[in-house]
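Okay, here's what each chain looks like letter by letter:
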Amino acid sequence: MSFGSIAAYKGSTPTYKALIAAKYGKLDVSLKNIEMHKDNKTPEFLAKFPFGKVPAFTGADGYTIFESSAIAQYVAASGSAKDQLLGSDIKTQAQITQWVDSISNELQHSVVVWVYALLGYYPWNADAVSRAQTDVKRVLSVLDGVFLSRTFLVGDKVTLADISAVCALYHFYTVVLDPEHRAPYPNLNRWFETCINQPEFKAVLGEVKFCEKQPTKPQAKAAPKEASKPAKAAAPAKEAGDESPAAEKPKEKNPLDLLPKSSFVLDEWKRFYSNNDTRPTAINWFWDKFDPEGYSIWRVSYRYNSELTQTFMSSNLVGGFFQRLDRARKYAFGNLLVLGENNNNEIFGYFVIRGQDVPFEVSDTPDYPSFEFTKMTKDECKEEFDAVLAWEDVKGKKCADGKTFK
Ligand SMILES: N[C@@H](CCC(=O)N[C@@H](CS)C(=O)NCC(=O)O)C(=O)O
């Protein structure tokens, strides 16, 4: 009899925690692959899972739970292995929670900036990756020390702590820890191998394929020639303790504010675009007022499309880029679309930018090198530009999602 099902996307390792716990407890919990950004945003889904996030559990009795650890705990507590997985006294229970929470907390940021960036879900930022590598090494060393004298994290059997830790480490072992990089942690490796060879883990993870050679992101991600970076204004010395974004702004007047006044007012355009139908109203307005001397149009393509997988992850990548573009809001407007489908998509779109170069506010983001900015004239791009404005299918590919930078 079904105990419940978990909505998530394929490959969501936090979801595996509950699925493995279900195997130990002999409960039938199924995985329901959903289309991210669509199925998790419907009114029905949001009524049960208000943050619109996965994994999302629905019991056969209709009971619902979100947050992967809460789901795993509920499943573990409901099955026949409750005492083994969660402990039968409060001290053991607290220690299990301690490892469940601490390992995922310690690793969650690093998996995003290092592993997910390698997989193309997030932009590559060399400094952040280097910090993440240091952080991960620290966690691995701590765990290696723990397993010097222990077989499992708590007690002498697999608990939810081990299940959670294996799931948190899964992407590191499969994507970045090649033999050379896992060699310094023999005790941790032994524990990981022990866990993944338990039938309950195997039933969910299958045969774990260890990383053979750590991939590196080539330095080839240099900015394209045509988008030469204007000389950076000297940043003022930061006052101690002043971390506000304003403190990072150059003190001199921005060169873009010194350009001759333009008849095209970017703010007006942004308002008009937001408040009117794109076709034909906003598009006609744009071309009627556009000033090619005061502004430039840029065709924007992601350089690593072959590494994109789920369309919702490509959308998240665009969302992150736009957040980090905040300082450019006064000078830029753009649309980036996710074209195609899961496991075959690309990020593509257009920007309109004050002046004739890509300004510092855009080129200085960590994401910028991952995008190719190509300057276009109206004649070269009008048809495609209009379709991007309207979030229509372009380049013969279905528009799966779009985001506007305004
Ligand atoms: N701490 C949460 C994280 C949940 C979460 O952030 N899920 C992401 C996918 S990894 C999500 O559903 N995002 C929704 C979206 O991007 O639409 C958990 O472990 O369940």
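Conventions we followed
Residues numbered from 1 in each chain as written. Predicted model: local features only at pLDDT ≥ 70, side-chain atom pairs only at ≥ 80, totals over all residues. Heavy atoms only, no water. 1 Å grid on protein atoms, 1.4 Å probe; cavity = no way out; pocket = protein on both sides within 12 Å on 5 of 7 lines; lining within 4 Å. Points joined across faces, edges and corners; volume = space filled by probe spheres on them. Helix = DSSP H or I, 4+ residues; strand = E, 2+ residues; numbered from the N terminus. Nonpolar A, V, L, I, M, F, W, Y, C, P; charged D, E, K, R; others polar. Contact = heavy atoms within 4.5 Å. Polar contact = N/O pair within 3.5 Å; in protein donor to acceptor, adjacent residues only side chain to side chain. Buried < 20%, exposed > 50% of the residue type's maximum accessible area, 1.4 Å probe, protein only. Salt bridge = Lys/Arg side-chain N within 4 Å of Asp/Glu carboxyl O. Expected span 1.5 Å × (residues − 1). Bend = angle between axes of the 7 residues up to and from the residue. Pairing = 2+ DSSP bridges. Axes fitted to C-alpha atoms, helices over the stretch in contact; angles between N-to-C directions. Near = heavy atom within 4 Å. Areas by Shrake-Rupley, 256 points an atom, 1.4 Å probe, with all protein chains shown as cover. Sits in = over half its atoms within 2 Å of the grid points. Phe/Tyr/Trp six-rings, centres within 6.5 Å; stacked < 30°, edge-to-face > 60°.

Novice: I'm lost on empty space enclosed by the protein in this one. Help?
Specialist: Rolling a probe over the atoms, with the probe sized like a water molecule, indicates the empty space that remains. With the rule as written, the count across this model stands at 1 cavity of 30 Å³ or more. Counted as a void, the largest cavity has a volume near 30 Å³. The wall of the largest cavity is formed by Phe333, Asn335, Tyr350, Phe351, Val352, Phe385, Val388 and Leu389. Elements with a minimum of two residues in the lining of the largest cavity: β6 (332-341), β7 (344-354) and α15 (378-389). Here the lining of the largest cavity is composed, by residue class, of 7 nonpolar, 1 polar and no charged.

Novice: What should I look at first to understand the environment of Asn342 in this one?
Specialist: Mapped onto the secondary structure, Asn342 falls in the loop between β6 and β7. Once the C-alpha coordinates of Asn342 and Gly59 are considered, the two residues, 283 residues apart in sequence, prove to be 28 Å apart. If near-sequence neighbours (up to four positions away) are discounted, Asn342 is found in contact with Thr309, Gln310 and Thr311. At 2.8 Å, the side chain of Asn342 and the backbone nitrogen of Thr311 are in polar contact.

Novice: Sorry if this is basic, but what is going on with the side chain of Ser164 here?
Specialist: You can see Ser164 is positioned in helix α7 (residues 160-176). Judged by relative accessible area, Ser164 falls into the buried class, the value being 6%.

Novice: Looking at this structure, I do not really get the pattern of salt bridges. What am I missing?
Specialist: Where side chains of opposite charge bring their charged atoms close, a pairing between them can arise. One pass over the full model with this rule turns up 10 salt bridges. For Arg138, the salt bridge identified is with Glu106, shortest N-O distance 2.8 Å. One end of the pair, Arg138, is in helix α6 (residues 126-146); the other, Glu106, is in helix α5 (residues 90-118), with 32 residues separating them in the sequence. Of the residues examined, Glu106 reaches a relative accessible area of 37% and is grouped as partly exposed. With its nearest N and O atoms 2.6 Å apart, the salt bridge here joins Arg329 to Asp326. With relative accessibility at 30%, the residue Arg329 sits in the partly exposed group. Residues participating in the shared-partner salt-bridge network are Glu346, Lys395 and Lys397.

Novice: I'm lost on the environment of Cys167 in this one. Help?
Specialist: Position of Cys167 among the secondary structure elements: in helix α7. Between the alpha carbons of Cys167 and Tyr295 there is a distance of 49 Å; along the sequence they are 128 residues apart. Sequence-distant contacts of Cys167, that is, excluding residues within four places in its chain, are made with Thr13, Tyr16, Lys17 and Ile20.

Novice: Hey, could you run me through α7 in this one?
Specialist: With 17 residues, α7 extends 24 Å between its outermost C-alpha atoms, agreeing within 8% with the 24 Å of an ideal straight helix rising 1.5 Å per residue. At Leu169, α7 shows its largest bend, some 40 degrees. Burial of α7 is extensive: 17 of the 17 residues sit out of reach of the surface.

Novice: What's the story with the sheet that holds strand β9 (residues 399-405) in this structure? I'm lost.
Specialist: The strands making up a sheet are joined through hydrogen bonds of the backbone, oriented either antiparallel or parallel. In spatial order, the strands read β8-β5-β7-β6-β9; together these 5 strands make up an open sheet with antiparallel pairing. Strands with a single pairing partner mark the edges of an open sheet, and in this sheet they are β8 (371-376) and β9. If you compare each strand with its neighbour and ignore which way they point, the axes differ by 20 degrees on average. Of the strand pairs in this sheet, strand β5 (residues 295-302) and β7 are connected by 7 bridges, and their pairing is antiparallel. Following the sheet pairing, Ile297 is matched in β7 by Val352. Strands in contact with α15 are β5, β6, β7 and β8; relative to β7, the strand with the most contacts, it is inclined by about 115 degrees.

Novice: What is the right way to read the site of the ligand from this model?
Specialist: Contacts to the ligand come from 13 residues, most closely from His37, Lys41, Val54, Glu67 and Ser68. Measuring from an oxygen atom of the ligand, one finds a side-chain N or O atom of His37 at 3.1 Å. Here Asn40 contributes a side-chain N or O atom positioned 3.1 Å from an oxygen atom of the ligand. Relative to its free-state accessible area of 520 Å², the ligand is covered by the protein chains to the extent of 72%. Of all the cavities here, the one that holds the ligand is the largest pocket. Residues of the shell around the ligand, tallied by class, amount to 5 nonpolar, 5 polar and 3 charged.

Novice: How should I be thinking about unusual backbone geometry in this particular structure?
Specialist: Among all residues save glycine, negative phi is the norm, and among peptide bonds the norm is trans. Of the consecutive residues Val54 and Pro55, the connecting peptide bond is found in the cis state with omega at 0 degrees. With respect to the helices and strands, the residue Pro55 is situated in the loop between α2 (43-48) and β3 (56-59). Phi at Glu67 is positive, roughly 80 degrees, even though this residue is not glycine. Checked against the element boundaries, Glu67 lands in the loop between β4 (64-66) and α3 (68-78). For Glu67, a relative accessible area of 54% translates into the label exposed.

Novice: Is there a simple way to explain the packing of aromatic side chains in this structure?
Specialist: Throughout the structure, instances matching the rule amount to 41 aromatic pairs. Note on Tyr273 and Phe333: the rings are 5.2 Å apart at their centroids and 80 degrees apart in plane angle, and the pair reads as edge-to-face. Here Tyr273, found in helix α11 (residues 266-275), pairs with Phe333, found in strand β6; they are 60 residues apart in sequence, far enough to count as distant. By relative accessible area, Tyr273 is classed as buried at 8%. Ring centres 5.4 Å apart and planes at 75 degrees place the aromatic pair Tyr350 and Phe385 in the edge-to-face group. A residue pair is termed long-range when its members are at least 10 positions apart, and Tyr350 in strand β7 and Phe385 in helix α15 qualify at 35 residues.

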